[in-house]
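An overview of the molecular structure
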Amino acid sequence: MSNSVGHSLMQQHFLRPTVLEHQSKLKNSAGVPTNAFCATASLNQSPAQTRKYQISTKFYGNSLSKRQQKLVMGSQRAATFLPQAVLAADPAFEHLGKFNVEGNIELQVDASAPTSGSIKQVNFRIMYSSDSLLLHWGGIRGRNEKWVLPSRQPEGTKNYKNRALRTPFVKSGSSSYLKLEIDDPRIQAIEFLIFDEARNKWIKNNGQNFHVKLPRRETLISNISVPEDLVQIQAYLRWERKGKQMYTPEQEKEEYEAARAELLEEIARGASVDDIRTKLTKRSGQEYKETAIHETKNKIPDDLVQIQSYIRWEKAGKPNYSPEQQLREFEEARKELQSELEKGVSLDEIRKKITKGEIETKVSKQLQNKRYFSAERIQRKQRDLMQLLNKHAAKSVEKSISVEPKPLTAIERFAKEKELDGCPVMNKKIYKLGERELLVLVTKSAGKTKIHLATDFEEPLTLHWALSERAGEWLPPPPGVLPPGSVSLDGAAESKFSTSSSANLPKQVQCIETEIEDGNFKGMPFVLLSGGKWIKNKGSDFYVEFSQRFKQVQKKDAGDGKGASKVLLDRIAGMESEAQKSFMHRFNIASDLMEQAKDTGELGLAGILVWMRFMATRQLIWNKNYNVKPREISKAQDRLTDLLQSIYTTHPQHRELLRMIMSTVGRGGEGDVGQRIRDEILVIQRNNDCKGGMMEEWHQKLHNNTSPDDVVICQALIDYIKSDFDISVYWKTLNKNGITKERLLSYDRAIHSEPSFKKDQKDGLLRDLGHYMRTLKAVHSGADLESAISYCMGYRVEGLLEARQGLRPLLLKSSDRLKDLLFLDIALDSTVRTAIERGYEELKNAGPEKIMYFITLVLENLALSSDDNEDLVYCLKGWHHAISMCKSQNAQWALYAKSVLDRTRLALASKAEWYQLILQPSAEYLGSLLGVDKWAINIFTEEIIRAGSAATLSSLINRLDPVLRETAHLGSWQVISPVEVIGYVDVVDELLAVQNKSYDRPTILVAKSVKGEEEIPDGTVAVLTPDMPDVLSHVSVRARNCKVCFATCFDPNILADLQANKGKLLRLKPSSADVVYSEVNEGELADSNSSNLKGDGPSSITLVKKQFGGKYAISAEEFTPDMIGAKSRNISYLKGKVPSWVGIPTSVALPFGVFEKVLANKVNKEVDEKLKILKKKLGGGDFGALGEIRQTILQLAAPPQLVQELKTKMLCSQMPWPGDEGEQRWEQAWTAIKKVWASKWNERAYFSTRKAKLDHDYLCMAVLVQEVINADYAFVIHTINPSSGDSSEIYAEVVKGLGETLVGAYPGRALSFVCKKNNLNSPQVLGYPSKPIGLFIRRSIIFRSDSNGEDLEGYAGAGLYDSVPMDEEERVVLDYSSDPLINDGNFQQSILSSIARAGNAIEELYGSPQDIEGVIKDGKVYVVQTRPQM
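Residues numbered from 1 in each chain as written. Predicted model: local features only at pLDDT ≥ 70, side-chain atom pairs only at ≥ 80, totals over all residues. Heavy atoms only, no water.

Here we look at unusual backbone geometry
At Asn200, a position not held by glycine, the phi torsion is positive, near 55°. Relative accessible area serves as the criterion here: at 60%, Asn200 is assigned to the exposed category. The backbone of Asp724 sits at a positive phi, close to 60°, despite the residue not being glycine. Secondary-structure assignment places Asp724 in the loop between helix H19 (709-722) and helix H20 (727-736). Relative accessible area serves as the criterion here: at 47%, Asp724 is assigned to the partly exposed category. (Buried < 20%, exposed > 50% of the residue type's maximum accessible area, 1.4 Å probe, protein only. Helix = DSSP H or I, 4+ residues; strand = E, 2+ residues; numbered from the N terminus.)

Quick notes on the environment of Asn209
Its location among the elements puts Asn209 in the loop between strand S13 (201-203) and strand S14 (210-213). Spatially, the C-alpha atom of Asn209 lies 9.9 Å from that of Ile190, the residues being 19 residues apart in sequence. The residues touching Asn209, leaving out its near neighbours within four places in the chain, are Trp147, Glu191, Phe192 and Leu193. Of note is the side chain of Asn209, whose polar atom sits 3.2 Å from the side chain of Glu191. (Contact = heavy atoms within 4.5 Å. Polar contact = N/O pair within 3.5 Å; in protein donor to acceptor, adjacent residues only side chain to side chain.)

Examining the side chain of Ser1377
Within the secondary structure layout, Ser1377 lies in the loop between strand S45 (1370-1373) and helix H43 (1380-1383). A polar contact of 2.6 Å, which involves the side chain of Ser1377, links it to the side chain of Asp1375. Not counting chain neighbours up to four residues away, the residues in contact with Ser1377 comprise Lys877, Tyr896 and Asn1383.

Observations regarding the pattern of salt bridges
Per the counting criterion, the structure on display carries 55 salt bridges. Of the charged contacts in the structure, one is a salt bridge between Lys1316 and Asp1286, with a shortest N-O distance of 3.3 Å. Here Lys1316, found in strand S40 (residues 1311-1316), pairs with Asp1286, found in the loop between strand S38 (1273-1278) and strand S39 (1289-1296); they are 30 residues apart in sequence, far enough to count as distant. Between Glu1413 and Arg1427 there is a salt bridge, and its shortest N-O distance comes to 3.5 Å. Within this pair, whereas Glu1413 is found in strand S46 (residues 1410-1417), its partner Arg1427 is found in strand S47 (residues 1420-1428), the two being separated by 14 residues in sequence. Comparing Glu1413 with Arg1427, the two get one shared label, buried. What emerges from the salt-bridge pattern is a single network uniting Lys898, Asp902, Arg905, Asp961 and Arg965. (Salt bridge = Lys/Arg side-chain N within 4 Å of Asp/Glu carboxyl O.)

Examining the packing of helix H14 (residues 602-616) against helix H28 (residues 893-930)
Packed helices, taken two at a time, are described by the angle their axes make and the gap between the axes. Contact pair H14 / H28: the axes reach a minimum separation of 9 Å and the direction vectors enclose 55°. With respect to H28, the element H14 is oriented oblique. Our pair here, H14 against H28, has a crossing hand that is right-handed. Mapping the contact onto sequence places Glu602, Leu603, Ala606, Gly607, Leu609, Val610, Trp611 and Phe614 in H14 and Trp914, Ile918, Leu919, Ser922, Ala923, Leu926, Gly927 and Leu930 in H28. Each residue belonging to the contact of H14 with H28 can be placed in one class, and the counts come to 12 nonpolar, three polar and one charged. (Axes fitted to C-alpha atoms, helices over the stretch in contact; angles between N-to-C directions. Parallel < 35°, antiparallel > 145°, perpendicular 65-115°, else oblique. Left-handed = near helix turned anticlockwise from the far one by under 90°. Nonpolar A, V, L, I, M, F, W, Y, C, P; charged D, E, K, R; others polar.)

Here we look at the nonpolar core
Trp611, Trp879, Leu919 and Ile1395 are the most contacted members of the largest nonpolar core, which totals 134 residues. Ignoring sequence-local partners within four residues, the contact set of Leu919 consists of Ala606, Leu609, Val610, Leu657, Met660, Phe940, Thr941 and Ile944. (Core = buried A, V, L, I, M, F, W, Y, C linked by side-chain atoms within 4.5 Å.)

A word on the packing of aromatic side chains
Here the structure, examined in full by the defined rule, presents 25 aromatic pairs. Taking 5.3 Å as the distance between ring centres and 65° as the angle between the ring planes, the aromatic pair formed by Phe614 and Phe940 counts as edge-to-face. Of the two residues, Phe614 is situated in helix H14 and Phe940 in helix H30 (residues 940-946); the sequence distance between them amounts to 326 residues. With relative accessibility at 1%, the residue Phe614 sits in the buried group. Classification of Phe940 by relative accessible area gives buried; the value is 4%. Taken together, a centroid distance of 5.5 Å and an interplanar angle of 55° make the contact between Phe1155 and Trp1237 tilted. (Phe/Tyr/Trp six-rings, centres within 6.5 Å; stacked < 30°, edge-to-face > 60°.)

Structural notes on the confidence of the model for the chain
Detailed conclusions should not be drawn from predicted coordinates in areas where pLDDT is low. Looking at the chain as a whole, its pLDDT mean stands at 80, while 81% of the residues score no less than 70. Counting contacts from residues 218-223, a segment whose pLDDT is below 50, to residues more than four positions away or on other chains yields 10 contacts. Below pLDDT 50 for its whole length, residues 284-298 participates in 19 contacts with residues either more than four positions away or in separate chains. (pLDDT = per-residue confidence, 0-100.)

Quick notes on the pairing of strand S31 (residues 1045-1049)
Burial of S31 is extensive: five of the five residues sit out of reach of the surface. Neither face of S31 is exposed, since Cys1045, Ala1047 and Cys1049 on one face and Phe1046 and Thr1048 on the opposite face are all buried. By the bridge criterion, four bridges tie strand S27 (residues 973-977) to S31 in an arrangement that is antiparallel. Among the inter-strand pairings, Val975 is bridged to a residue of S31, identified as Ala1047. (Pairing = 2+ DSSP bridges.)

Focus: the environment of Trp202
Structurally, Trp202 can be placed in strand S13. Trp202 gets classed as partly exposed once you look at its relative accessible area, which sits at 34%. If we skip the residues at most four places from it in the chain, Trp202 touches Glu102, His136, Arg166, Leu193, Ile194 and Phe195.

Quick look at the pairing of S38
Among the six residues in S38, six count as buried, and that is most of the element. Residues Tyr1273, Phe1275 and Ile1277 line one face of S38 and the alternating positions Ala1274, Val1276 and His1278 line the opposite face, and both faces are buried. In this sheet, S39 lies alongside S38 in antiparallel orientation, the contact comprising six bridges. For Ile1277, the partnering residue across the bridge sits in S39 and is Ala1292.

Observations concerning the packing of H19 against H20
Running from N to C, H19 and H20 cross one another at 150°; their axes reach a closest spacing of 8 Å. Classed by the angle they form, the pair H19 and H20 counts as roughly antiparallel. The interaxial crossing formed by H19 with H20 has right-handed handedness. Between H19 and H20, the residues in contact are Val712, Ile713, Gln715, Ala716, Leu717, Asp719 and Tyr720 and Ile727, Val729, Tyr730, Thr733 and Leu734, respectively.

Focus: the environment of Asn938
Residue placement: Asn938 occurs in helix H29 (residues 934-938). Once the C-alpha coordinates of Asn938 and Gly927 are considered, the two residues, 11 residues apart in sequence, prove to be 9.6 Å apart.

Thoughts on the sheet that holds strand S44 (residues 1364-1365)
Strands sit in the order S34-S36-S37-S43-S44 across an open sheet of five strands; the sheet is antiparallel. Each having just a single partner strand, strand S34 (1114-1115) and S44 make up the two edges of the open sheet. Note that strand S43 (residues 1340-1347) and S44 share two bridges and pair antiparallel. Residue pairing for S44: Phe1343 is matched across the bridge by Val1364.

Focus on helix H4 (residues 228-241)
With 14 residues, H4 should cover 20 Å at 1.5 Å per step; its first-to-last C-alpha distance of 20 Å lies within 8% of that length. Judged by how many residues are buried, H4 sits mostly within the fold: 12 of 14 residues are covered. Turning to H4, its buried residues number three or more, namely Glu228, Asp229, Leu230, Val231, Gln232, Ile233, Gln234, Ala235, Tyr236, Leu237, Arg238 and Trp239. (Expected span 1.5 Å × (residues − 1).)

Notes on the sheet that holds strand S18 (residues 448-455)
Sheets are built from strands that pair by backbone hydrogen bonding, the pairs being arranged parallel or antiparallel. Here five strands make up an open sheet; going across it, the order is S16-S17-S18-S23-S22 and the pairing antiparallel. Edge positions in the sheet fall to strand S16 (425-433) and strand S22 (498-499), since each has one partner strand and no second. Looking at chain direction, S18 and strand S23 (residues 510-517) are connected through eight bridges and run antiparallel. Bridge assignment links Lys448 to a residue of S23, and that residue is Glu517. Packed onto the sheet, helix H11 (residues 410-419) meets S16, strand S17 (436-445), S18 and S23 and runs at close to 5° relative to S17.

Quick word on helix H26 (residues 848-864)
Here H26 is 17 residues long and its end C-alpha atoms lie 24 Å apart, about the 24 Å a rise of 1.5 Å per residue gives. Here H26 lies mainly inside the structure; 14 of its 17 residues are buried.

Next up, the structure:
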C-alpha cells in the first residue's frame, strides 16, 4: 500500500468529522465523561487550524472516536469570554416568591446570588402538615427549554424517569424545609411541583408548575481569556470531587462550562492566569505536565500519533480503555514514534512504516470486547414469576436398580477364570466381531507381562502380530517370546490359536498366550487371519497396551452399587480402556450407552454424568497417543450432543441432569470460563500432589468466591516458585497489589497458610499455574474491582437473566439448533454466578435490601436451571414480597424475610439431598471401578453443588441471616423448653439415630438434625440444634413434659463453639430468647437436678388393660372411660358447651378391645398365630419385628358384625358411610383402621413405653372416627405460653392445609403468634411460616388413635400413635405470597383472634390449661381435639 493511498484510507476510515453520535450512546469503562479531558474547539480558530487533523483519545468497542485538538499556549488564540456589562448582584438572600396554595398552604422560596464560584443556594419552606413531601423539579436554561437535571443534588434525591429529580423535604414542626445548591451558571430558573407521597397528592401553582428565576451575579470583565487546557484540568478536578460520576453528553458540557465559569470568577477576583496554572497543576499532580507534552507534540504530527495509537489499540485486542488509559496510550504511541525520530528516521519514513505496521510496539493482548457498562441501566421486563414454573419431576429414586443378570458368555467366563488367578489386570477388552467375541487381557506378575487372547470363533485362527515401543509401529517379536509353533516374518510373527482346556466353559474357546519381560515394549498390534481372510478392528489394526492406564479395582471392593445403575456402570468400566484412546472414542462410547441410560431413567443419566464429570476434571485419561483428527472428535461430539438434545426434548423430567452432562461435553475454546476456574484448580492439585495447606484453602476460596484477587494470588505463587521458593517474594507480590495477610483472612473462605512446595514440583506448578492464570484473567482482567462491581450491580447480571428469560421459551421447543441454545444458556447460567461473586465485596457493608435483591437474581438463575422448581419459584416470589415490604417500611418486613430465608435454606438443603442421593452412589461405585482418587470421589457431589448457583445463594442468605435476626429482634436462639441443666456435651448428626440410646450420665445433645417426631433418649438433659422443629411439634412437647432443655440455635459460630466443647461438662441457663452456657466442675453436677437418667426402680405409672365391652362401634353419646380414651371423650364433652361459632365434628368410635376381638375371630387365626411368633422375636430384642408386626396386622379381615355396627352408627350420626361409594371405598376405610391399630407397634411408641416401664401388652387402642374437614388452615393452641410459662397469654401455631405438617416431621416452621387473654383481638405474630409443603384432602373420613396410654398423668403419650385418613393427602407446594393470612392484615387479625378466643373459651370450660387442635374452613373455627396441656 502506498503512503498516499494508505493515508487516504486511514483518514476516511478513522478520522471522522464528529463522534457526537457515539458520545451520546456510550460511556467508557470507568464511567468518566467522554469529553472530560478534551476541550471543545474554540469558535475563534483560524481556518488553518480547523484543517489540522483532529486527534482522538477515545476508544469504544470496535471503533475509534475523534478528539478535538487541544489548544497550546502561545501558539493559538485562546477562547474568549465576552459577557454583557451588568451590575453585580447583592450577595444577600433574595426573595424569589411567596405562594398561597389552596387557601391554606403557604410556600416561600429564597435564593442567594453566587459570591464565589458559581454556586447558588435556593431555600424552600412550606407550611403543610406532612412528613412525606417531595420536590419534583428541574432546571431551566431558557423559558421554552425542557427541564435539565443538575448534577449537584441534595442527599436523598432520586432521578424520576430521567425527566425530573425528586428531593425529600425535611419536616420540622408544622413546616418542611429544603435547600438546593445550583452550580451550573447557565441555569436561569427552577421549575417544580410538590408531591405528597403518602396522600398521592400534587401541590401545584393554579394548576401549573411553580417557576422561580434565579439571581445572577455578572461582573464587567473585558478582554479576559481562560486557556482551554486550564478549563480542561478544572473540569477534571470537578469530576473527581463529585466522585467520578457517569455523565450524559449534556451533563459533560454543563460541567465544562461550569469549570470555565469558576476560573473566570477567580480572574474576576484578581488571580492571574499564571496563578491559576500553578494552583491547578500542583493539584492535578503528574498527569498534567503540559510543557513536556507540548514540546513532544511539536515534534510528532498528531495524525501519526493517532494512527499509531489505533494500531496499539488493535494489537491489545480493542479493549475498552478508561480516560487515564487513553491518555497513557496516546503518550506511549508518541514515545514509540519519537524513538523512531531519534534514530534518524524521517517523518515521511515513519509514516510509511506505520502504514505497513513496522513500528515496534509493546502491548499485551487483553480480553476483547470486555464491556462492563452500557449507556443505560438494563430495564427488566415485567414478567409473571409463575412463568418460570417447571413441574417436571423425575420419579422417586429407587434404592437400587435390580436387573436380572445375563448369563456370562464363554469369553466372559474365560476372562473371569484368568482374573481369579490373582495377577493384577493391566488391561482388558472384549471386542464384538459380528456374532463372535474376542478377548484381550493383559496381566502382570513377577516383572513379566502376560497377554491372553481368546475367541469363540469355531474356524481355525492365526494371530498375525508384532510388538511396539510406541503406538503405530510394528517391531518383530524376539524369538524368546514366541508361543510354540510360531513363525517369524519380516517385521511380524504368526501364531496359531489352540483350544482351551477349561471344562467350565459353555462352548469351545480358542486361545493363545505369550509372556514378555518388562522393558521398552509398550504394546502389541495385531490382526487375525481365518480362511485366507483378514479380520480387523473396524478396518484398523487391533492394538493392546501393556501399561495400566487406570487402577483396576476388584468389584468386591467397589461396593454393591446400591443406589446406582450398577449394570450400566459395570459396562462403562469395562469400556474405559477403549474410551481412553481419545475424545472421539469416549464420546462415541457415551453415545452407544445413551439408550440404556435413558431407559434406566434418572440413575442411568446420573451414571453418564458421573463418568463425563470424571473425564472433565481429568480423573480419567483424555488421550493415549492415539492419532485422531479434530473433525473426527467434533463428529463424535456432535453425535453425543444430538442424542442429549433429543432426550432433552422427550424427557423433560431429566433436563437438569442432561444440562449438566452437556456442560461436561461442551468444553473448549473460551467456553465456560467461570466453571473452568472451579475445575482446573482441582487438576492443578491432582497433577502436582498439593491437596493440603494453602492450596486447599485457595481451592476453597475459589469455589466459594472467585475474585480479581485470585489473579494476584496466582501471580504471587508463580513469582514465589520462580524465586526458588523465597516466601518473601510471595508476600512482596501480594502486598504490592494491595493484598495483605488481613485481607487473605477476611475472605469467606480464609487463606491462613503460606505456600510450601517441594523442588520437584517446580516445573509442573509453573506450567499449570501459567495455564490457570490465563483462565483467571479471562474472567477478571480488564477492570478494577470498582468496575467489576458496577458490572455486576445493575448492569450486566440483569441483562444475562433477561437473555436467559428470552431463551427459555425456545428451550421448551424441539428444534435442530436446540443444543446450541442449550450451550448458550449453560454459559449464561455460569456467567451470572461468576458476576454475582465478583460483587460480593460490594455487599460487605450493604443494606438488607441490596442483599435481598442479589438473592432474587441468584434464585431466578437457579430456578431457570432446575427441574421441578416450584419451591424455588415460590421462594423467589417471597423475596420480591419481602423487598416490597422493606421499601414500604412495613414493621414486619424483617420477620417475614426471615421466614422466606428459612424456606430458601430448606429448598437448598432439599436440592443438595437430591444431588447426594442421585449422584454420590454412582460416583462411589464407578470411581472405585475406575481407580479414581479417593478424595475426588468423596467430594464429588459437594463439588457439583458448589459449582452451581445453589452455593452462591447459600452464601448470600448466610450473609443476610444475622442482619434479619438483628432487625427483627430474634436473637441467636429460640428456646422451646427453658430448663436449666448441667450435662456432658455430645455431638450427633441426627436425633433419630440415637433416640433409642440410653446415656449413663447427664448428656447435652448437639444434634444437627431434629425433624419433630423423635423420642428423646434416656439420660438426655438438653437437645440443642440448628434445625427448626415447631414449638408445638411432638418432640417439643415431649421435651417440655420431660423437663429437657430444648432450643434452636441460629448462629453457626455459637453452634460450632458448643460442638467444640464435646465431652466437657456445661451448665445451660436458658431464658425465653437466649441460652447462656459455661463450663462447670463435677461437684456442681452432684448438686444439680439434671437427673433424666434411666432408673432401675419400678415405674410410678401403670396401664390398666381394657376389655371388649360387647360393641364393635359406639356413638358419641356412649363414650365412657371404659370404652374409649380421653381424646374421644373430650370432643364429646365440648359439643354444645363451646360458643356456637366454634364447630365440633360429629364422631363415632371403635372402642377398646375391638382389635383383640377381631384378632381372636376364626377368620384371622393365621394372622393371630403369626403375631404371637413375631411378639416373641420382639421380646427377645429383635426390634426388626416391629415392622413385620405392622405389616401382619394389615392382613386382618373384618368380621361382618363389625362392618354392620360401624355402618349403623355412622349413618345414625349423619356421617357418610364409605361402603355406599363401593366396596373399594370400604376397603380403604378398613385399611386405615388397621393402620391405626398397627401404630401401637411403631418404633417411637414402643420405645417410649419401654422407657416408662409400661407393659406394652396392656396398651389398648380405640379408634375415633370423624369426618375430615377439608381445611384451609390447621392450628394447635397451648393456652399457657410453653416457652415462657406465661399464663396470661395464649400461644398458637398455624399451618396451611391439614395439621399433620404441624405435628409431624415436616420441615419448616408454622406461623406462630401470642395473644394476651385480656386483649384477644390483638394477636402478635412471632414468626411467619416457612413450611414448603401443605397437605390437602377431599371430603373423607379420618380414623384417629385414642389409646389408654394417652391419659396417664406424668407420661407424654400424646402424639405417639397414628391418625390415618381414608384417602391419601395431596402434597401441595405452598405459595405464601398470595395467602391472605400473610398479606391481608384484616384477615390475619380476624383468623388469629378467632383461634385465640376459641382457646380461651375451652380453657375456661375445663378450668385448666389446654392443648387444642383444630382447623379453619371458610373463616370458621373447628376444634377436633383437646387435652390437658402438659
